[in-house]
Amino acid sequence: MSTKASPVEQAGDAPRRTVKPKAHWRERLRRDWPLLLMAAPMMILVWGFWWIPSLGNVIAFQDYKPFTGGIFGSRLVGFTHFQMLFADAEFTRAMVNTLSITAFQLVFYFPVPIALALLMHSLVSERLRSMLQSVVYLPYFFSWVLVVAIFQQMLGGAGLLSQVLRANGFEAVDWMTDPDTFILLVTSQAIWKEAGFGAIIFLAALAAIDPNQYEAAAVDGAGRWRRLWHITLPGIRPVIVLLLILRLGDALNVGFEQFFLQRSAVGSQASEVFDTFVYYSGIRTGDFDYGAAAGLFKGVVGLVLILAANRFAHLLGEQGVYSK
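Residues numbered from 1 in each chain as written. Predicted model: local features only at pLDDT ≥ 70, side-chain atom pairs only at ≥ 80, totals over all residues. Heavy atoms only, no water.

- Naming follows an unreviewed UniProt entry, where the chain appears as ABC transporter permease subunit of Glycomyces lechevalierae.
- Here is the UniProt Subcellular location (unreviewed entry) comment for the chain, exactly as written: "Cell membrane". (UniProt positions renumbered as here; feature names shortened; annotations may be inferred.)

Comments concerning the overall build of the chain
Then, number 1: Across its full length, the chain holds 16 helices and zero strands.
Then, number 2: Relative to its length of 324 residues, the chain is extended, with a C-alpha radius of gyration of 27 Å against a globular reference of 20 Å.
Then, number 3: Here the C-alpha coordinates of the chain stretch approximately 100 × 65 × 40 Å along the principal axes.
Then, number 4: In the chain, once contacts between residues fewer than 6 apart in sequence are set aside, the share between residues at least 24 apart is 62%.
Then, number 5: Working note: accessible area of the chain is about 21400 Å², and carbon and sulfur atoms make up 66% of it.
Then, number 6: Each charge class in the chain was averaged separately, 26 positive and 23 negative side chains, and the resulting centres sit 10 Å apart. (Helix = DSSP H or I, 4+ residues; strand = E, 2+ residues; numbered from the N terminus. Rg over C-alpha atoms; globule rule 2.2 N^0.38 Å. Contact = heavy atoms within 4.5 Å. Areas by Shrake-Rupley, 256 points an atom, 1.4 Å probe, with all protein chains shown as cover. Lys, Arg positive; Asp, Glu negative; His and termini not counted. Charge placed at Lys NZ, Arg CZ, Asp CG, Glu CD.)

Here's the deal with the packing of aromatic side chains
Where two aromatic rings form a pair, the distance of their centres and the angle of their planes describe that pair.
Then, number 1: Scanning all chains against the criterion turns up 23 aromatic pairs.
Then, number 2: Ring centres of phenylalanine 274 and phenylalanine 297 lie 6.4 Å apart, and the angle between their planes is 20°; this geometry places the pair in the stacked category. Highlighted residues: phenylalanine 274 in helix H15 (residues 274-283) and phenylalanine 297 in helix H16 (residues 288-315), separated in sequence by 23 residues.
Then, number 3: Among the aromatic side chains, those forming a connected cluster through ring pairs are Phe86, Phe91, Phe274, Phe277, Tyr290 and Phe297.
Then, number 4: Lying over the aromatic face of tyrosine 140, lysine 193 brings its terminal NZ or CZ to 5.2 Å of the ring centre.
Then, number 5: Positioned above the aromatic ring of tyrosine 280, the side-chain terminus of arginine 263 is 3.9 Å from the ring centre. (Phe/Tyr/Trp six-rings, centres within 6.5 Å; stacked < 30°, edge-to-face > 60°. Lys NZ or Arg CZ within 6 Å of the ring centre and 35° of its normal.)

Examining the nonpolar core
Then, number 1: Residues Ala117, Met120, Leu203, Leu206, Ile209 and Ile236 are the most contacted members of the largest nonpolar core, which totals 18 residues.
Then, number 2: For this core, the secondary structure elements donating two or more residues are helix H6 (111-121), helix H7 (126-137), helix H10 (182-207), helix H11 (211-219) and helix H12 (224-249).
Then, number 3: Per-element accounting of this core gives the leading share, five residues, to H10.
Then, number 4: In this view, leucine 206 contacts Ala117, Leu118, His121, Thr232 and Ile236; residues no more than four positions away in its chain are not counted.
Then, number 5: Within the second largest apolar cluster, 15 residues are counted, among which are Val186, Phe259, Val266 and Ala270. (Core = buried A, V, L, I, M, F, W, Y, C linked by side-chain atoms within 4.5 Å. Buried < 20%, exposed > 50% of the residue type's maximum accessible area, 1.4 Å probe, protein only.)

Quick look at the UniProt feature "transmembrane region" (unreviewed entry) in the chain
Then, number 1: Under the UniProt annotation, "transmembrane region" (unreviewed entry) lies at residues 33-52, 103-124, 136-161, 181-207, 228-246 and 290-309.
Then, number 2: A helix fraction of 100% and a strand fraction of 0% characterise residues 290-309, whose end C-alpha atoms lie 29 Å from each other.

Describing the packing of H7 against H10
Then, number 1: Packing of H7 against H10 brings their axes to within 7 Å, and their N-to-C directions diverge by 130°. With respect to each other, H7 and H10 are oriented oblique. Across the interface between the two elements, Gln133, Val136 and Tyr137 of H7 pack against Gly196, Phe197, Ile200 and Leu203 of H10.
Then, number 2: Along the lines of polarity and charge, the residues of the contact of H7 with H10 split into five nonpolar, two polar and no charged. (Axes fitted to C-alpha atoms, helices over the stretch in contact; angles between N-to-C directions. Parallel < 35°, antiparallel > 145°, perpendicular 65-115°, else oblique. Nonpolar A, V, L, I, M, F, W, Y, C, P; charged D, E, K, R; others polar.)

Some details on the layout of surface pockets
Then, number 1: Quantified by volume, the largest pocket comes out at close to 710 Å³.
Then, number 2: Taken together, 23 residues line the largest pocket, and the ones lying closest to its centre are Tyr109, Glu194, Gly198, Arg247 and Asp250.
Then, number 3: No other element matches H10, which puts seven residues into the lining of the largest pocket. (1 Å grid on protein atoms, 1.4 Å probe; cavity = no way out; pocket = protein on both sides within 12 Å on 5 of 7 lines; lining within 4 Å. Points joined across faces, edges and corners; volume = space filled by probe spheres on them.)

Observations concerning the UniProt feature "domain: ABC transmembrane type-1" (unreviewed entry) in the chain
Then, number 1: Within the UniProt annotation, "domain: ABC transmembrane type-1" (unreviewed entry) is assigned to residues 95-309.
Then, number 2: Between the C-alpha atoms that bound residues 95-309 there is a distance of 20 Å. The span itself is 76% helix and 0% strand.

Some remarks on the side chain of glutamine 105
Then, number 1: Tracing the sequence through the fold places glutamine 105 in helix H5 (residues 89-108).
Then, number 2: Not counting residues up to four positions away in its chain, the partners in contact with glutamine 105 are Phe110, Val186, Thr187, Ala190 and Arg247.

Some points on the confidence of the model for the chain
Note: predicted coordinates in regions of low pLDDT should not be interpreted at a detailed level.
Then, number 1: Here the chain averages 86 in pLDDT, and 93% of its residues register 70 or above.
Then, number 2: Of the regions scoring below 50 in pLDDT, residues 7-12 engages in two contacts with residues more than four places distant in sequence or in other chains. (pLDDT = per-residue confidence, 0-100.)

As for helix H13 (residues 257-266)
Then, number 1: Taken together, the buried positions of H13 are Gln258, Phe259, Gln262, Arg263 and Val266. Along the axis of H13, the buried residues cluster in a sector spanning 145°; they form a single face.
Then, number 2: Turning to H13, the residues buried within the fold contact H5, helix H8 (144-155), H10, helix H14 (268-271) and H15.
Then, number 3: Glycine 267 sits one or two positions beyond H13 and adopts a positive phi of about 90°. (Arc of directions from axis to C-beta.)

Quick notes on a nonpolar patch on the surface
Then, number 1: Side chains of Met43, Trp47, Trp50, Trp51, Ile52 and Leu55 sit close together on the surface and give an oily, nonpolar patch of about 750 Å² of accessible area.
Then, number 2: In this structure, tryptophan 50 sits in helix H2 (residues 25-54).
Then, number 3: Accessibility expressed as a relative area gives 54% for tryptophan 50, which makes it exposed. (Patch = residues over 30% accessible without salt bridge, like charges linked within 9 Å, V, L, I, M, F, W, Y side chains within 5 Å. Salt bridge = Lys/Arg side-chain N within 4 Å of Asp/Glu carboxyl O.)

This is the structure we're talking about:
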């Protein structure tokens, strides 16, 4: 009469997983030197134009004298510049405007590239899809000077819209100089300029979805909307989460040129954002230490936001930007 083995005995009979010893660094160097050689130019650029210049943030804690003392000859003042920063009404206004524009664009701009990619992906005609992609990608390569000029010709006081309204007996509008609608204006400009190019990433994610899933769902009787909800959106969800995390980490960076070009038209009350504040309060006045303090604060806040968003993505079961 045979007896059934206990779970412990069964586990003991199972083959044990062997842990491969970590290779010595010399062995890894001999194995990976072609990859390291290819990555060397980019690493030199990163170190030369990012990491080494970032050490200059030390002037945020100094009474920086660029012509007499320099970094090594200026005295330390601790967190004095940060205390001045938090007590500055201009800084508070720039922070509020930046966060308001970021939140508004997160709701009304972030979904636009996704919807645009879904629409282009659903087109059957390859020729029509290529033509549409070329049309929506083109504005991305325009400079902000040209984009603002185009919107001025369309929505300005003497623009096309105002001329049509005057010709039909209505009062003309000038949205380019209205501070109350400035947030709508900059969001529409961002959508027109960058949504087409932003759809490229989502089109690449859509191309990676197995077409057999759509065929199997169609055979089972799933309609277009059910296939979209149960196949398409879950397929691109990791990309959506990744870009959302990166956007949250970039929350204080809404752009400089776009707001700098329109500051004189709507006033600083509506157009002052973090980047323009650093320029006007730090660089233009020569207070490089004060501007460095503002820039360092911006970087720390962005780091905290991206770490928090990445942690939240892990709780939802997504990989996020990185995983342990």
